[in-house]
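Letter by letter, the chains look like this.
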Amino acid sequence: MVDVVQGDITQLKVDGIVTSANESLMGGGGVDKAVHRAAGPGLLQECMKIGLCNPGQAVITNAHWLEVQKIIHTVGPIWEGGGYGEEGVLRSCYRAALQLAQEHQLAHIALPCIAAGVYEFPGELAARIAVEEVRAFMASNAIPQRVTFCCFQDQDLAHYQAALADG
Ligand code: AR6
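These remarks concern the structure in this document. Keep in mind that this is a model prediction, so the values were computed, not measured.

**Points about the overall build of the protein chain**
Move 1: A tally of helices and strands in the protein chain yields five helices and six strands.
Move 2: Order of helices (α) and strands (β) in the protein chain, N terminus to C terminus: β-β-α-α-β-β-α-β-α-β-α.
Move 3: Relative to a compact globule of 167 residues, whose C-alpha radius of gyration would be 15 Å, the protein chain shows 14 Å and is just as compact.
Move 4: Along the three orthogonal principal directions, the C-alpha set of the protein chain runs to about 40 × 35 × 30 Å.

Listed below in structure tokens is the structure:
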């Protein structure tokens, strides 16, 4: 099952949440700031031990103060016009995050609009890619059983609703 909600991803009752980090994993703005704030300082300490994460890849940590089992951290592409492989990197983010969810048996995960904030990936295309990659992964993997897209802004919600209505 794939669905979409609007709100703060740190408030969702799911098995795992995904955050949109930067390569340093040291926290930042947007959704990553909210996740670090809600999870507490232990998350930063765990991230420091991991070190760097390249764009398109993902790492998994404990959830610390958050009442989910795990936090998956992925690093999206910075949008530079679309000619620098940004789409491929974003697709890779979804695949890497879903792969970790499967390996850790997270039945229900929530995903934010990766790269569609500070990294300025166009929202409509980002939503289409997110829905395509999640559907493709779920078609050939039993876990996760449920993926919830968590949109913060009205515009993103509209993009996801449109993308989910297609196909
Ligand atoms: N819950 C769900 N979604 C949220 C929340 C929240 N609490 N807060 C913001 N969003 P962004 P990026 C949405 O900028 O574009 C950070 O500084 C937001 O509306 O968080 O991948 C990192 O450290 C947008 O749709 O991530 C990196 O440096 C989406 O989350 C950089 O930003 C993603 O926006 C990553 O940029």
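**A few points about a nonpolar patch on the surface**
Move 1: Judged by side-chain polarity, M26, L44 and M48 come together as a nonpolar surface patch covering roughly 260 Å² of accessible area.
Move 2: Among the structural elements, L44 can be located in helix α2 (residues 41-50).
Move 3: Residue L44 is classed as partly exposed on the basis of its relative accessible area of 31%.

**A few points about unusual backbone geometry**
Glycine aside, residues mostly have negative phi, and peptide bonds are mostly found in the trans state.
Move 1: Here the residue pair I143 and P144 is connected by a cis peptide bond, since its omega of 0 degrees sits within 30 degrees of zero.
Move 2: Within the secondary structure, P144 sits in the loop between α4 (123-140) and β6 (146-151).
Move 3: Its identity as a non-glycine residue notwithstanding, Q105 has a phi of 55 degrees, on the positive side.
Move 4: A positive phi angle, near 60 degrees, is found at E120, a position not held by glycine.
Move 5: Examined against the element boundaries, E120 turns out to sit in the loop between β5 (108-111) and α4.
Move 6: We classify E120 as exposed; its relative accessible area is 57%.

**Observations regarding the side chain of D32**
Move 1: Mapped onto the elements, D32 comes out in helix α1 (residues 30-39).
Move 2: Despite its burial, D32 pairs with no opposite charge, the nearest such side chain being K33 at 11 Å.
Move 3: A polar side-chain atom of D32 sits 2.8 Å from a polar atom in the side chain of T19.
Move 4: In contact with D32, other than residues within four places in its own chain, are T19, S20, A21 and G27.

**Some thoughts on the packing of aromatic side chains**
Move 1: Scanning the entire structure with this criterion turns up two aromatic pairs.
Move 2: Summarising the aromatic geometry, the rings of W79 and F121 are spaced 4.7 Å apart at their centres and angled 65 degrees between planes, so their arrangement reads as edge-to-face. Of this pair, W79 sits in the loop between β4 (70-75) and α3 (86-103) while F121 is found in the loop between β5 and α4, placing the two residues 42 residues apart along the sequence.
Move 3: Note on F149 and Y160: the rings are 4.8 Å apart at their centroids and 50 degrees apart in plane angle, and the pair reads as tilted. In this pair, F149 is assigned in strand β6 and Y160 in helix α5 (residues 154-165), connecting sequence segments eleven residues apart.
Move 4: For F149, a relative accessible area of 0% corresponds to the buried category.
Move 5: Overall, the relative accessible area of 2% leaves Y160 in the buried class.

**Section: α4**
Move 1: Between its first and last C-alpha, α4 extends 26 Å over 18 residues, near the 26 Å set by a 1.5 Å rise per residue.
Move 2: For α4, the set of buried residues is A126, A127, I129, A130, V131, E133, V134, F137 and M138.
Move 3: Those residues of α4 that are buried are in contact with β1 (2-6), α3, β5, β6 and α5.

Calculation notes
- Residues numbered from 1 in each chain as written.
- Predicted model: local features only at pLDDT ≥ 70, side-chain atom pairs only at ≥ 80, totals over all residues.
- Heavy atoms only, no water.
- Helix = DSSP H or I, 4+ residues; strand = E, 2+ residues; numbered from the N terminus.
- Rg over C-alpha atoms; globule rule 2.2 N^0.38 Å.
- Patch = residues over 30% accessible without salt bridge, like charges linked within 9 Å, V, L, I, M, F, W, Y side chains within 5 Å.
- Areas by Shrake-Rupley, 256 points an atom, 1.4 Å probe, with all protein chains shown as cover.
- Salt bridge = Lys/Arg side-chain N within 4 Å of Asp/Glu carboxyl O.
- Buried < 20%, exposed > 50% of the residue type's maximum accessible area, 1.4 Å probe, protein only.
- Lys, Arg positive; Asp, Glu negative; His and termini not counted.
- Polar contact = N/O pair within 3.5 Å; in protein donor to acceptor, adjacent residues only side chain to side chain.
- Contact = heavy atoms within 4.5 Å.
- Phe/Tyr/Trp six-rings, centres within 6.5 Å; stacked < 30°, edge-to-face > 60°.
- Expected span 1.5 Å × (residues − 1).

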